[in-house]
Amino acid sequence: MIALVVVATVALLFAAFIAVRRRQTRVARESLPSTRAAMPSVLVHDIAARPDLDALDETLGSRLSSSRSVFDRVRSLGTGTLTQEQLDTVEEVLLRSDVGLPTTTSIVELLRRDGAPEGVAAAVRSALRSSLTSASRELSTAVEAGRVPVWLFVGVNGVGKTTTIGKIATRRVAAGSKVVLAAGDTFRAAAAEQLSLWGERSGADVVRANEGADPSSVVHDAVERAFARGADLVLADTAGRRHTSSNLLDELSKVRRVADRAPGQVTETLMVLDATTGQNALAQAREFLAAAQVTGIVLTKLDGTARGGIVVAIEHGLGIPVKLIGIGEGPEDLVVFDPDSFVDALLEA
Amino acid sequence: MVFDTLSERLEKFGSSLKSRGRISPEDLDRALGDVRAALLEADVELGVVRGFLTAVKERLGGDVLSRSLTPGQQVIKAVHEQLIEVLGSSPLKITYASKPPTVILLAGLQGAGKTTTAAKLANWFKAQGRQPFLVAADLQRPAAVEQLRVLGSQIGVDVFSELANPVEVARRGVAEATRLGRDVVIIDTAGRLSIDAALMAEVGDISATTTPHYTFLVIDSSTGQDAVATAKTFHDTLELSGVIVTKLDYDSRGGAVLSAQGVIGRPVVFASTGEKMSEFDLFHPDRMASRILGMGDVMSLIEEAERNMDADVLADTASRMMSGVFTLDDFMSQMNQVRKMGSMGGLMRLMPGVTKEMRQAADNVDEKQLDQVAAIVSSMTKEERRNPTIINGSRRTRIAHGSGTTVPAVNQLLNQFTQMQKMMKQMAGGNMPNVPGLGKMAQLAARGAAARGGDLSSMEGLEAALARRPGAIVAPTSGGPKNKKKKGGRVTPPKNR
C-alpha cells in the first residue's frame, strides 16, 4: 500500500515538476510560429475486391500447362514452393476475412514451408480446416434424472442473444418440445418485451420480471416453473455485457451457478457472437469462457458481408466449437455449423 | 487497449534505433511491418492499413531520413503525425437548421446500438439546451419501439411512432415535431444488412422523404474488416455526414474508427463509451490521438497539478528536485499536495502505464491509509526526517509505537523512501529514472518526445516534448488539450524546426 502511495506521489511530483518548468518556458514558446506539415491526400480509399484463391491456382496451372510437358502438367496441379506474390494473396484473403494476424501468419508459414502440392486453394482450405477444433458440435440436453436442461446464452451487447433464443424456441416448439424462456436480460429497456413477443410467436412459456430485477432469480423461477410443468428445455437470456467488466462477469457466473442448481442443469452455455466482430472476439470468448464455462458459439449475422473468420482463431486458440450459425432473419435460418462449408465460404471471393 | 500495441511496438523500435545515426531500408521495412501488424490487430481494414503506410512513407520521402540525426525518431514521428491526421481530419461541427427542426437520421447494421444511440443523442441535445424529439422507425425488431419509448421516458424526451411503414412513420414524425415546435428530430431506423437491397432502398426512401440534415452511420467499435464494406454501402445510399462509434468502452479498439474514416472520408462525430445515457459525447480526435500516443492523460494530470497545487510549493519542489535534495519533510508536503488533488484512485486513472491491478489497488487506498503514512512520518524527530539513515532498530520501534503502526510498516516506508530519493537524484542529474510505474510514465512522455523529434534521453527533451504538444501552450482548461490557434479544432502538431 505504502509503495503505491509513494509511486503515486513521485509521479505527481514529476507532473508538478513539469508543470513548473512549463510555466517558466511558456512565454518563450508562445511566440514560436507553428507550421503545418503538408498533408498527403490518401485519406479516402477504395475497397479493393478480394482476391480469389482459385483464380490463383488457375493462372498458375494454365501458365505451367501451356508451355510444359505432360510431366510438368502433373506438377502444375500443385506447387512445391509458392511465390511471395501467392503467399501475399493468401495472407490478404485471410486477413480480410477477420481470421487475424497470428493464425494467418502461421498458415502462410505452413504454405511457405510445405508448398501446396494439391493447389493453393486446397492447401489453405486444409490448413484452415485443421485449425478448427475437433470437439463435438452437438447441442446437449443430457441431464441427470429429475433435472431440467438449461441453455444459457451469453455475449456482449447487440450480438443477437434474444433473437437467437427466439429462433431456437420456435424450432424446438415446432419439433414438439415444451420450452420455457427465462427473460434474464433485466437491464436493457424492453428486452423482456422482445423475448415475450418471441414467446407468443413460438408458443414457448416466458418467465419475466421487472426491469432491474436480479437476473439469477428470473432464471431460478424459470427453472422451477419448467420443472413443475415438466418442460423439456429452459432457454435463459442474459443481458449483454462487456467482457471487461469484472462485476458483470461475476453476475454472469452467479446466473450460471443458480441455473445449474437442481432441478436445473446447465447443459450448454452458448456465447453469441456477431460475425462482423473483429479481433476483439477472441478477448470476449476468453473472458466469457472463464466466467461462464462457454461450451459453444452461435455465430450470428453471417448473411451479411462479414465472414466471421475470427472463429477460426477462437476454435484454434480456445477450443470452443461453433455450434450454430445465423444466416438469415427467419428461425429456419439458424443452422448447424458445418466446418467444410464454412471454410469454403470464408475463402470465396 | 489496442493502440497500446502500436505504442509499444514504436517504443521498441525507437529504442533499438535510438543510438544509431543511420537507418537502413531493411530497418524501415521492419518498423513499418510492425506498424502494419499493430493496425491489423486493431481491426483496421487492410486497404486502409496500406494507405496509412503509404502516407507514412510519403512523410518520410525525400531526404528526411538521411538528413536527420535521429532517423528512428523520424519514423515514429511520421507514424504519429499520420495517426493524428487521420483521426483529426475534418471534424464535424453540428450546426442547427435555420428553419427547425434539424433532422438527424441514424442507420446501421443490426446490433450496432442505434436505438440506444438515438436516446443518448437526444439526451445530448437536451443537455445542449435543445428540444429533441425521437422518431421510432424501427418496426422490424420486436419491441424496438418499446425500447425507445422506455429510454425516451427515462430522459424525458417524447417518442413518436405508429403502426405504418417506416417511411411514413419517419415523415409523420418529422411533421409532428414541427407541429410541436421541437428543434431536433432523431430518427431511429431498423438495423439492416448492407447487402439487403430492399431494406437499403427503404432507408434511402426515408432519407429522401425526410431530407435529414445529418445522416449518421452507427457502428460498433469492435467491428472487424467488414466495417469498410458496411460504411461504403451506407455511404453510397445515404451520403453519410459522419459516424457514431458505439461500445468504445469494451477495450477501446479503434480499428473501426480508422477504417470507416479511411473509406468514406467522414469523421467520427460522437462516441458512446458506456451503458449509461450520459456516457456519450462528441468524439474528440485529439484525445483519441493522445490516447494512441499514450500521453493524453499526462496532460490532464499536469493541468490538474497546476490547478490544485500551490504555485509556491510547486516552485519549491522543482528547485529541490533539481538540486537533488529530497527529505521526508518534502515527501510529506508533497503527499499533502497530492491529497488536495483528490482520491488516489482518480489520480492513478490519469496516469498512463498504470496497470489495472494498480488502479484497483489505488481505488482501495482510503484516507485512513494515507493518514497512517502521515502518522509514521510525524512520529519521527526533525533530525530523523532530515536524515533517515540514522533510524536504527530502537528508533523504528519507537516510531511504530508512536504512530500506532508496526515496525514492518515503518521499514517499508523507509525502504520506499530511499528508492524515491534515488529517483529524485537521477532526475536531478537529467536522467530518466528507470523504475516501474514512474519509469513507464517517463517512457510514455519520452515517447511523445520521440514522436515530435525531441531528444529522448534528457529531462529537457521530455519537458520540451510536453510543451510542444498541441495545446500544451494554451492555459489549462478542464477540457483537456485544446488548440486555440486553428479553427475547427483540428489538431496537428506544429512542425519541428
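Residues numbered from 1 in each chain as written. Chains lettered and ligands numbered in written order. Predicted model: local features only at pLDDT ≥ 70, side-chain atom pairs only at ≥ 80, totals over all residues. Heavy atoms only, no water.

Considering the overall build of chain A
A count of helices and strands for chain A gives 13 helices and 8 strands. Within chain A, the proportion of its 349 residues that are buried is 56%. Nonlocal contacts in chain A, meaning residues at least 24 apart in sequence, comprise 77% of its contacts between residues at least 6 apart. (Helix = DSSP H or I, 4+ residues; strand = E, 2+ residues; numbered from the N terminus. Buried < 20%, exposed > 50% of the residue type's maximum accessible area, 1.4 Å probe, protein only. Contact = heavy atoms within 4.5 Å.)

Re the confidence of the model for chain A
Per-residue pLDDT for chain A averages 81, and the proportion of residues at 70 or more is 78%. Contacts of residues 25-44 of chain A to residues separated by more than four positions or lying in other chains number 40 contacts, the stretch itself having pLDDT below 50. (pLDDT = per-residue confidence, 0-100.)

Considering helix H6 (residues 114-127) of chain B
All names here are of chain B. With 14 residues, H6 should cover 20 Å at 1.5 Å per step; its first-to-last C-alpha distance of 20 Å lies within 8% of that length. Summarising burial for H6: 10 of the 14 residues are buried, a large majority. Listing the buried residues of H6 in full gives Lys 114, Thr 115, Thr 117, Ala 118, Ala 119, Lys 120, Leu 121, Ala 122, Trp 124 and Phe 125. Phi for Gly 129, located one or two positions after H6, is positive at around 85°. (Expected span 1.5 Å × (residues − 1).)

Here's the deal with the nonpolar core
By size, the foremost hydrophobic cluster in this structure holds 85 residues, and its most contacted members are Val 124, Leu 128, Leu 181, Leu 235, Leu 273 and Leu 299 of chain A. Shared between two domains, this core takes at least three residues from each, and those domains are domain 1 (53-131) and domain 2 (148-338) of chain A. In this view, Leu 299 of chain A contacts Leu 273, Asp 274, Ala 275, Gly 308, Val 311, Val 322, Leu 324, Ile 325, Gly 326 and Phe 342 of chain A; residues no more than four positions away in its chain are not counted. Leu 32, Val 169, Ile 206 and Ile 264 of chain B belong to the second largest nonpolar core, which has 61 residues in total. (Core = buried A, V, L, I, M, F, W, Y, C linked by side-chain atoms within 4.5 Å. Domains from an automatic or database assignment.)

Some details on the pairing of strand E6 (residues 296-300) of chain A
All names here are of chain A. Within E6, 5 of the 5 residues are buried, leaving the element largely enclosed by the surrounding structure. Because side chains alternate across E6, one face comprises the buried residues Gly 296, Val 298 and Thr 300, and the other comprises Ile 297 and Leu 299, equally buried. Pairing of strand E5 (residues 264-274) with E6 involves 5 bridges; the strand directions are parallel. The residue bridging Met 271 from the neighbouring strand is Ile 297, located in E6. Bridge analysis of E6 against strand E7 (residues 322-326) gives 3 bridges, and the strand direction is parallel. Within E7, the residue paired with Leu 299 across the bridge is Ile 325. As a crossover connection, the stretch from E6 through helix H12 (residues 310-318) into E7 is right-handed. (Pairing = 2+ DSSP bridges. Right-handed = clockwise from strand over helix to strand, strands pointing away.)

Observations concerning the pattern of salt bridges
Applying the stated criterion across every chain yields a total of 33 salt bridges over all chains. Among the salt bridges present, the one from Arg 125 of chain A reaches Asp 344 of chain A, with a minimum N-O distance of 2.7 Å. Note that Arg 125 of chain A is positioned in helix H6 (residues 120-131) and Asp 344 of chain A in helix H13 (residues 339-347), a separation of 219 residues in sequence. What makes Arg 125 of chain A partly exposed here is its relative accessible area of 27%. Put simply, Arg 385 of chain B and Asp 329 of chain B hold a salt bridge, and the shortest N to O gap is 3.4 Å. Here the residue Arg 385 of chain B occupies a position in helix H19 (residues 382-386), and Asp 329 of chain B occupies one in helix H15 (residues 328-340), the gap between them amounting to 56 residues. When its relative accessible area of 36% is taken as the criterion, Asp 329 of chain B is described as partly exposed. It is possible to trace a salt-bridge network through shared partners that takes in Glu 92 and Arg 96 of chain A together with Glu 45 and Arg 50 of chain B. (Salt bridge = Lys/Arg side-chain N within 4 Å of Asp/Glu carboxyl O.)

Considerations on the side chain of Ser 131 of chain A
All names here are of chain A. As for its position among the elements, Ser 131 is in helix H6. Taking the relative accessible area as the measure of exposure, Ser 131 reaches 10% and is therefore buried. The contact partners of Ser 131, leaving out residues within four places of it in the chain, are Ile 107, Val 312, Glu 315 and His 316.

Remarks on the packing of aromatic side chains
For the coordinates displayed, the defined rule picks out 9 aromatic pairs over all chains. Ring geometry for Phe 133 of chain B versus Phe 160 of chain B: centroids 6.4 Å apart, planes at 40°, classification tilted. One end of the pair, Phe 133 of chain B, is in strand E2 (residues 132-137); the other, Phe 160 of chain B, is in strand E3 (residues 159-160), with 27 residues separating them in the sequence. With respect to burial, Phe 133 of chain B and Phe 160 of chain B carry one shared label: buried. Put simply, the rings of Tyr 96, Trp 124, Phe 125, Tyr 214, Phe 216, Phe 270 and Phe 280 of chain B pair up and form one aromatic cluster. Between Arg 201 of chain A and the ring centre of Trp 198 of chain A, over which it is positioned, the NZ or CZ distance is 4.7 Å. The aromatic ring of Tyr 96 of chain B is capped on one face by Arg 130 of chain B, whose charged end is 3.4 Å from the ring centroid. (Phe/Tyr/Trp six-rings, centres within 6.5 Å; stacked < 30°, edge-to-face > 60°. Lys NZ or Arg CZ within 6 Å of the ring centre and 35° of its normal.)

Looking at the sheet that holds E3 of chain B
All names here are of chain B. Spatially, the 8 strands line up as an open sheet ordered E3-E2-E4-E1-E5-E6-E7-E8, and their pairing is mixed. With partners counted over all chains shown, the strands left at the sheet margins are E3 and strand E8 (280-282), one partner each. Direction of pairing for E2 relative to E3: parallel, over a ladder of 2 bridges. Directly across from Val 135, in E3, lies its bridge partner Phe 160. Its contacts with the sheet place helix H9 (residues 197-210) against strand E1 (102-108) and strand E4 (184-189), and it is angled at close to 175° to E1. Of the strands in this sheet, strand E5 (214-220), strand E6 (242-246) and strand E7 (268-272) are in contact with helix H11 (residues 255-264), which crosses E6 at around 170°. (Axes fitted to C-alpha atoms, helices over the stretch in contact; angles between N-to-C directions.)

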